[in-house]
Every structure is written in structure tokens, then in C-alpha cells.
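Read off the chains here:
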Amino acid sequence: MLRVESLVVGPFQSNCHIVACSETNDAVIFDAGDEAPRILSAVRALGVTVKAVVNTHAHLDHVSGLAAVVEALGVPVFMHADEAPVYEGVGQQALMFGLNPPRTVPIHRWLAEGDVINVGKLRGEVMLMPGHSPGHIIVVFGDEKPPAAIVGDVLFQGSIGRTDLPGGDHDVMMRTLERFLPMPDETIVYCGHGPETTIGEEKRWNPFLAPIAARSRPNNGGGVV
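Here's what I pulled together on the structure shown here. Note that the structure is a prediction, hence the values are computed from the model and not measured. (Residues numbered from 1 in each chain as written. Predicted model: local features only at pLDDT ≥ 70, side-chain atom pairs only at ≥ 80, totals over all residues. Heavy atoms only, no water.)

**Re helix α6 (residues 170-177)**
Each α-helix turn comprises 3.6 residues. Residues three or four places apart therefore point the same way.
Here is step 1: Those residues of α6 that sit buried are M173, M174, T176 and L177. Each buried residue of α6 sits inside an arc of 160° when the element is viewed along its axis, so together they form one side. Exposed side of α6, more than 90 degrees from the buried face: D171 and R175 are the residues found there.
Here is step 2: As for α6, its buried residues are in contact with β11 (155-156), β12 (159-160) and α8 (209-216).
Here is step 3: Two to three positions downstream of the cap, the backbone nitrogen of D171 sits 3.1 Å from a side-chain oxygen, assigning the N-cap of α6 to D169. (Buried < 20%, exposed > 50% of the residue type's maximum accessible area, 1.4 Å probe, protein only. Helix = DSSP H or I, 4+ residues; strand = E, 2+ residues; numbered from the N terminus. Arc of directions from axis to C-beta. Contact = heavy atoms within 4.5 Å. Polar contact = N/O pair within 3.5 Å; in protein donor to acceptor, adjacent residues only side chain to side chain.)

**Concerning unusual backbone geometry**
Here is step 1: Cis geometry marks the peptide bond from K145 to P146; its omega dihedral reads 0°.
Here is step 2: Mapped onto the elements of the fold, P146 is located in the loop between β9 (137-141) and β10 (148-152).
Here is step 3: Within the chain, N25 stands out as a residue other than glycine whose phi angle is a positive 65°.
Here is step 4: Inspection of the secondary structure puts N25 in the loop between β2 (14-21) and β3 (26-30).
Here is step 5: On the basis of relative accessible area, N25 is assigned to the partly exposed category, the value being 30%.

**Observations regarding the side chain of S14**
Here is step 1: Relative to the assigned elements, S14 resides in strand β2.
Here is step 2: Reaching out from S14, the side chain makes a polar contact with the backbone oxygen of D61 at a distance of 2.7 Å.
Here is step 3: Those residues in contact with S14 that sit more than four places away from it in its chain are L7, V8, V9, G33, D61, H62, G192 and H193.

**Remarks on the packing of helix α1 (residues 36-46) against helix α3 (residues 66-73)**
Here is step 1: The N-to-C vectors of α1 and α3 enclose an angle of 40°; their axes lie 9 Å apart at closest approach. Considering their axes alone, α1 and α3 lie oblique with respect to each other. When you trace α1 past α3, the crossing you get is right-handed. Packed against α1, whose contacting residues are A36, I39 and L40, the element α3 presents A68, V69, A72 and L73 at the interface.
Here is step 2: Split into classes, the residues belonging to the contact of α1 with α3 amount to seven nonpolar, no polar and no charged. (Axes fitted to C-alpha atoms, helices over the stretch in contact; angles between N-to-C directions. Parallel < 35°, antiparallel > 145°, perpendicular 65-115°, else oblique. Left-handed = near helix turned anticlockwise from the far one by under 90°. Nonpolar A, V, L, I, M, F, W, Y, C, P; charged D, E, K, R; others polar.)

**Structural notes on the environment of V90**
Here is step 1: Checked against the element boundaries, V90 lands in helix α5 (residues 90-96).
Here is step 2: In the structure, V90 is positioned 47 residues away from I137 in sequence and 18 Å away in space, judged by C-alpha atoms.
Here is step 3: Once residues lying within four places of it in the same chain are set aside, the contact partners of V90 are A58, L60, V63, P102 and T104.

**Side note on the nonpolar core**
Here is step 1: Among the nonpolar cores identified, the biggest contains 32 residues, and I18, I29, V50, V53, L66, V69 and Y87 are the most heavily contacted of them.
Here is step 2: The element that contributes the greatest number of residues to this core is α1, accounting for five residues.
Here is step 3: With 22 residues, the next largest nonpolar core counts I138, A149, L177 and V189 among its residues. (Core = buried A, V, L, I, M, F, W, Y, C linked by side-chain atoms within 4.5 Å.)

**Considerations on the packing of aromatic side chains**
Here is step 1: The full count for this structure, using the stated rule, is one aromatic pair.
Here is step 2: Centroid distance F12 to F97: 5.1 Å. Interplanar angle 75°. Geometry classified as edge-to-face. Placement of the pair is F12 in the loop between β1 (2-9) and β2 and F97 in the loop between α5 and β6 (109-111), with a sequence separation of 85 residues.
Here is step 3: Judged by its relative accessible area of 42%, F97 falls in the partly exposed class.
Here is step 4: Against the face of F78 rests R109, its NZ or CZ located 5.1 Å from the ring centre. (Phe/Tyr/Trp six-rings, centres within 6.5 Å; stacked < 30°, edge-to-face > 60°. Lys NZ or Arg CZ within 6 Å of the ring centre and 35° of its normal.)

This is the structure:
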């Protein structure tokens, strides 16, 4: 069974998600964005064994705590290969916001579409979902009941990630959103900012996703309403 502990960290209020298997107590940290001592304290309180840190993408607010967390836990870091230029430029990102550049660590495994991240008995499938950044991934635990997805900054409750940062592309993001449509409505969405939501709620109410979902529905009428 999947357990998720979410922490809101740093000046950008980004979400760090600790995903654990309740049967084995193995865990993976998604987006160690800042406040490494708080993340490490949460790991200890949960009593889990972290096996890796996975980055949905490499924007400043999702990697600023990465080095300290990785060094404390001695675990590898996973990221999509297309995100390498963004990660290499994280120092410039920090300067744009008047912040000190964060320390970086080597990436141990470059992920690709279709890769599987095993967390104990949990199976998470990697999907490349660009638009907010070129190598942005989500990880879908489709075998869980209900299914769950760690989506970073692709989809928020009632919104989507911005596309005006370097590497962002609005048209690509709109195509990326279409990949959510086949997912079951009950799928829990753990976002990079803000509260969790479900695919069904966002298909109905999200001003970016709802029109796409409406266009994809079959026309069962034919009359004038």
C-alpha cells in the first residue's frame, strides 16, 4: 500500500513528497526542494528507508535541498536526461531571484519514458511530460487503489505550471495535458505546489484541462441543446 507524506518547503512553497511502501517501509523522496533538515526529520519520524531521490524537474524550487538530503542519506538521484541543461543552469536560476546558488550533486540515473521506479512493492511508471520544462516527468503508481501520480509542476488544483521560464513551451504543455485524459478519474494527483487533487476533479473544473477533456468526449447527442 502506498503512503505519501507531503511537506511544503522553501520560499516558493513547493511540495516535497515522501512516497513509501507500507509493507516494506522502503521510500523514495520526490523533489527535495529546500529545508533539508525538515525533510530528513520527516524521514526519521516515518521510520522509512529512503532508496533514492527523484526529481520531477530541475527548477530551483525543486532541487535546492537536494545536495544536503542526498549527502545525509547516501542515496542516488534520478532525473530525466532532457532536464540536464536546466539542472546545469540552476545557479543562474537562483541569481534571477536574488538567491544564493544551491549546491548540486551528480545524477546517478538518467530516466526515460516508460522506465519503472520500484518503491518496495510499489511500481511507479515514468512519463515524460514536458512544457513546464523540457525533461519534466511524472511518476504514476497505476496499480494502487486508488491510483496515484506524482506530477510536479505539470498539473495543479485548478491550474497548471507556468510556461514562461527558460525551457517552457505553452503549446507543448497543452499536448502534454492530453496524456492525463485516459487516467481514471479517481487517480490522486500529488502536485508540486498546492493541495492534492484528483484527475476527475481537474477534468471537470481545471480551466486548462477541462476544455481538452470536453473535446475528447464522444458526441452522443446530435440535437441542438
